Amino acid sequence: EVDNSGGHLQGIQYLSYNQNEFYVLSGSSSSYSYYSIIKTGKQNTVISVNKLLNKPFKHAGGFQINNNLMAIGIEDNEAKDKSKVYVFRIDDPENPPKKPLTIIERTGNPKRATAGSIGIGEVNNTILVVVGDWDSEHLDFYTIDKEKPKKATLIYSLDSKEVDKSGWIDENYLSYQNLNLIQDDNSTMY
């Protein structure tokens, strides 16, 4: 059972494990935020519905799974002045983790402290998390030491209104609701 009153599904990510395919969905409701895991097959099966936080943190936004790391933003989408980003290691999707590796706490001005879209990737022994605030107007870049993942450090913030967009394929910066970090064979992150 999922309380989907006053909420909606926000994001979806694919996950492969032990030659099985899974989809993870983030969602919101009028009272809590959650993510659910679905195992695909001849008949798709809901493996779990995992409650994240209660109101006011009732909106789980756009998120990313990269390898076995999942970063998901959970925001107070009414006051818009606080959010949390949970970083999980999903070693077995049929037994989802109970606790996150790291929690990034965000507070501040309305819209600026939200976490509606999240990207995650790895560079060497560092986890990189990018957090987009309301409509991803700002992107905040955090690093987490993979060996000691309890603390995230803000290393850079990008303001979409001040970025030079010359040379971009599309110079229009839209209200992005999802981010994905992708790494090529040369370890270059996009």
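The shown structure was predicted, so the numbers you read here are calculated from the model rather than taken from an experiment.

Student: Explain the nonpolar core to me, please; I cannot follow it from the model alone.
Tutor: Side chains of nonpolar character tend, in soluble globular proteins, to be buried together. With 17 residues, the main nonpolar core has Val24, Tyr35, Leu52, Met70, Ile72, Tyr86 and Phe88 as its most contacted residues. Of all elements in the fold, only strand 2 (20-28), strand 3 (32-39), strand 4 (45-54), strand 5 (59-66), strand 6 (69-75) and strand 7 (82-89) reach the threshold of two or more residues within this core. Excluding its chain neighbours within four sequence positions, the residues that come into contact with Leu52 are Ser33, Tyr34, Tyr35, Ala60, Ile72, Ile74, Tyr86 and Phe88. Membership of the second largest hydrophobic core comes to 14 residues, among which are Leu101, Ile104, Val129 and Tyr142.

Student: Hey, could you run me through the pairing of strand 11 (residues 138-145) in this one?
Tutor: Along a regular strand, successive side chains alternate from one face of the sheet to the other. With respect to burial, strand 11 is a largely interior element, 6 of its 8 residues being buried. Bridging between strand 10 (residues 126-132) and strand 11 involves 7 bridges; their strand directions are antiparallel. The residue bridging Ile127 from the neighbouring strand is Ile144, located in strand 11. Linking two consecutive strands that pair antiparallel, namely strand 10 and strand 11, is a turn of 5 residues; a positive phi of about 60° is found at Asp135 within it. The antiparallel hairpin formed by strand 11 and strand 12 (residues 152-159) contains 6 residues in its connecting segment.

Student: Teacher, can you tell me more about the environment of Tyr190 here?
Tutor: Positionally, Tyr190 belongs in the segment after strand 12. Accessibility expressed as a relative area gives 58% for Tyr190, which makes it exposed. In this structure the C-alpha to C-alpha distance between Tyr190 and Gly116, which are 74 residues apart in sequence, comes to 19 Å. What Tyr190 contacts, discounting residues up to four positions off in sequence, is Asn180, Leu181, Ile182 and Asp184. One polar contact links Tyr190 to Asp184, side chain to side chain, over a distance of 3.4 Å.

Student: Can you help me understand the packing of aromatic side chains in this one?
Tutor: Think of a pair of aromatic rings as described by two things: how far the centres are apart, and how the planes are tilted against each other in angle. In the structure shown here, the tally under the stated rule is 7 aromatic pairs. With a centroid separation of 5.2 Å and an interplanar angle of 85°, the aromatic rings of Tyr173 and Tyr176 are classed as edge-to-face. In this structure an aromatic cluster arises from ring pairing among Tyr35, Tyr86 and Phe88. Of note, Lys80 hangs over the ring of Trp134, and the distance from its end group to the ring centre comes to 4.9 Å.

Student: How should I be thinking about the environment of Lys82 in this particular structure?
Tutor: Tracing the backbone shows Lys82 in strand 7. A relative accessible area of 24% places Lys82 in the partly exposed class. Separated by 29 residues in the primary sequence, Lys82 and Lys111 place their C-alpha atoms 8.5 Å from one another. Those residues within four positions of Lys82 in sequence are excluded, and the remaining contacts are Pro56, Phe57, Glu75, Asp76, Arg106, Thr107 and Ala113. Among the polar contacts listed, one links the side chain of Lys82 to the side chain of Asp81, at a separation of 2.9 Å.

Student: How do you make sense of the pattern of salt bridges when you look at a structure like this?
Tutor: Tallied over the full model, the rule gives 10 salt bridges. Linking Arg112 and Asp140 is a salt bridge whose minimum nitrogen-to-oxygen distance equals 2.9 Å. In this pair, Arg112 is assigned in the loop between strand 8 (102-107) and strand 9 (117-123) and Asp140 in strand 11, connecting sequence segments 28 residues apart. When its relative accessible area of 26% is taken as the criterion, Arg112 is described as partly exposed. Put simply, Glu137 and Lys161 hold a salt bridge, and the shortest N to O gap is 3.4 Å. Of the two residues, Glu137 is situated in the loop between strand 10 and strand 11 and Lys161 in the segment after strand 12; the sequence distance between them amounts to 24 residues. Under the relative-accessibility criterion, Glu137 is labelled partly exposed at 28%. Classification of Lys161 by relative accessible area gives exposed; the value is 64%. What you see here is one network of salt bridges that share partners, running through Arg106, Arg112, Asp133 and Asp140.

What counts as what
Residues numbered from 1 in each chain as written. Predicted model: local features only at pLDDT ≥ 70, side-chain atom pairs only at ≥ 80, totals over all residues. Heavy atoms only, no water. Core = buried A, V, L, I, M, F, W, Y, C linked by side-chain atoms within 4.5 Å. Buried < 20%, exposed > 50% of the residue type's maximum accessible area, 1.4 Å probe, protein only. Helix = DSSP H or I, 4+ residues; strand = E, 2+ residues; numbered from the N terminus. Contact = heavy atoms within 4.5 Å. Pairing = 2+ DSSP bridges. Polar contact = N/O pair within 3.5 Å; in protein donor to acceptor, adjacent residues only side chain to side chain. Phe/Tyr/Trp six-rings, centres within 6.5 Å; stacked < 30°, edge-to-face > 60°. Lys NZ or Arg CZ within 6 Å of the ring centre and 35° of its normal. Salt bridge = Lys/Arg side-chain N within 4 Å of Asp/Glu carboxyl O.

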